[in-house]
Amino acid sequence: MPSTRGRAAALAAVLALLAGGCAQFDSALGQREAVVQFRPGTTNVARLAVRAACSRVPQAKPEPLPKDHLAVDLLYDVRYQVSNASDGDLARLQECLQRFPSVTGIEFNGPGGT
């Protein structure tokens, strides 16, 4: 049977692991993204053109493309990481996206925009 000291050490280790997992979970919850919505039938070429054209907005960076070529072939939406974006950054992103007839809207996911 483990000693009291051994059980306390084991409990402390488990709590440390849980606290680390919670911190990562909280960090993920703090992330906010903008998901661009397109008209049905929009090609991946058009989606990638929108992604490239609007990638220069400060604090609204496009999320990385999948590294698997097949996954890029199945690109359905364009996502921007906007966790640190100001209202001005979001307005500039929206203005850029509105220049493209294939874009129908933008949806914000995450804290305050779910």
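Everything in this summary refers to the structure shown in the same document. Note that the coordinates shown come from a computational prediction; the quantities given were computed from them, not determined experimentally.

Reading the values: the criteria
- Throughout this description, residue numbers start from 1 for each chain and increase along the sequence as written.
- Reporting in this predicted model follows two pLDDT cut-offs: at least 70 for local features of residues, and 80 or more for side-chain atom pairs to be given and counted; totals over whole chains, interfaces and linings ignore these cut-offs and use all residues.
- As a rule here, side-chain values come from all non-hydrogen atoms in the structure, and water together with hydrogens is ignored.
- Type-normalised accessible area, obtained with a 1.4 Å probe on protein chains alone, sets the label of each residue: buried when under 20%, exposed when over 50%, and partly exposed for intermediate values.
- Put simply, DSSP marks the helices as runs of H or I at least four residues long and the strands as runs of E at least two long, and each gets a number from the N terminus on.
- Summarising the geometry, the arc corresponds to the directions from the helix axis toward the C-beta atoms.
- Whether two residues touch is decided by their heavy atoms; if any such pair falls within 4.5 Å, the residues are in contact.
- Whether two strands pair comes down to DSSP finding at least two bridges between them.
- Only C-alpha atoms enter the line fits that serve as axes; for helices the fit covers just the stretch in contact. Angles between N-to-C directions range over 0 to 180 degrees.
- Any pair of cysteine sulfurs within 2.5 Å is marked as a disulfide.
- One side-chain nitrogen of Lys or Arg within 4 Å of one carboxyl oxygen of Asp or Glu is enough to make a salt bridge.

What follows deals with helix H4 (residues 87–97). Every buried residue belonging to H4 is among Asp-89, Leu-90, Leu-93, Cys-96 and Leu-97, and all of these are buried. For H4, the buried positions fall inside an angular range of 125° around the axis, keeping them on one side. Exposed side chains of H4 directed beyond 90 degrees from the buried face belong to Asp-87 and Glu-95. Check the buried side of H4 and you find it contacts strand E1 (33–38), helix H2 (44–53), strand E3 (78–81) and strand E4 (103–109).

So, on to the sheet that holds strand E2 (residues 61–62). Across the sheet, which stays open at both edges, the four strands sit in the order E2-E3-E1-E4 with antiparallel pairing between neighbours. Of all strands in the sheet, those with a lone pairing partner are E2 and E4, marking the two edges. Note: E2 against E3, two bridges, orientation antiparallel. Each bridged residue has a counterpart across the sheet, and for Pro-62 the counterpart in E3 is Tyr-80. Across the sheet, H4 is in contact with E1, E3 and E4; its angle to E4 comes to roughly 155°.

This next bit is on the state of the cysteines. Taken as a whole and judged by the stated rule, the model has one disulfide. Disulfide pairing is shown between Cys-54 and Cys-96; the S-S distance is 2.0 Å. Here the disulfide of Cys-54 and Cys-96 is left-handed, its torsion about the S-S bond being about -90°. In this pair, Cys-54 is assigned in the loop between H2 and E2 and Cys-96 in helix H4, connecting sequence segments 42 residues apart.

Of all seven residues in E4, five are buried; the element is thus mostly enclosed. The pairing of E1 with E4 spans six bridges and is classified as antiparallel. In the strand pairing of E4, Val-35 is matched with Glu-107.

Summed over the entire model, instances satisfying the criterion amount to two salt bridges. As a salt-bridge pair, Arg-79 and Glu-33 come within 2.5 Å of each other at their nearest N and O atoms. In this pair, Arg-79 is assigned in strand E3 and Glu-33 in strand E1, connecting sequence segments 46 residues apart. You can call Arg-79 partly exposed: its relative accessible area is 28%.

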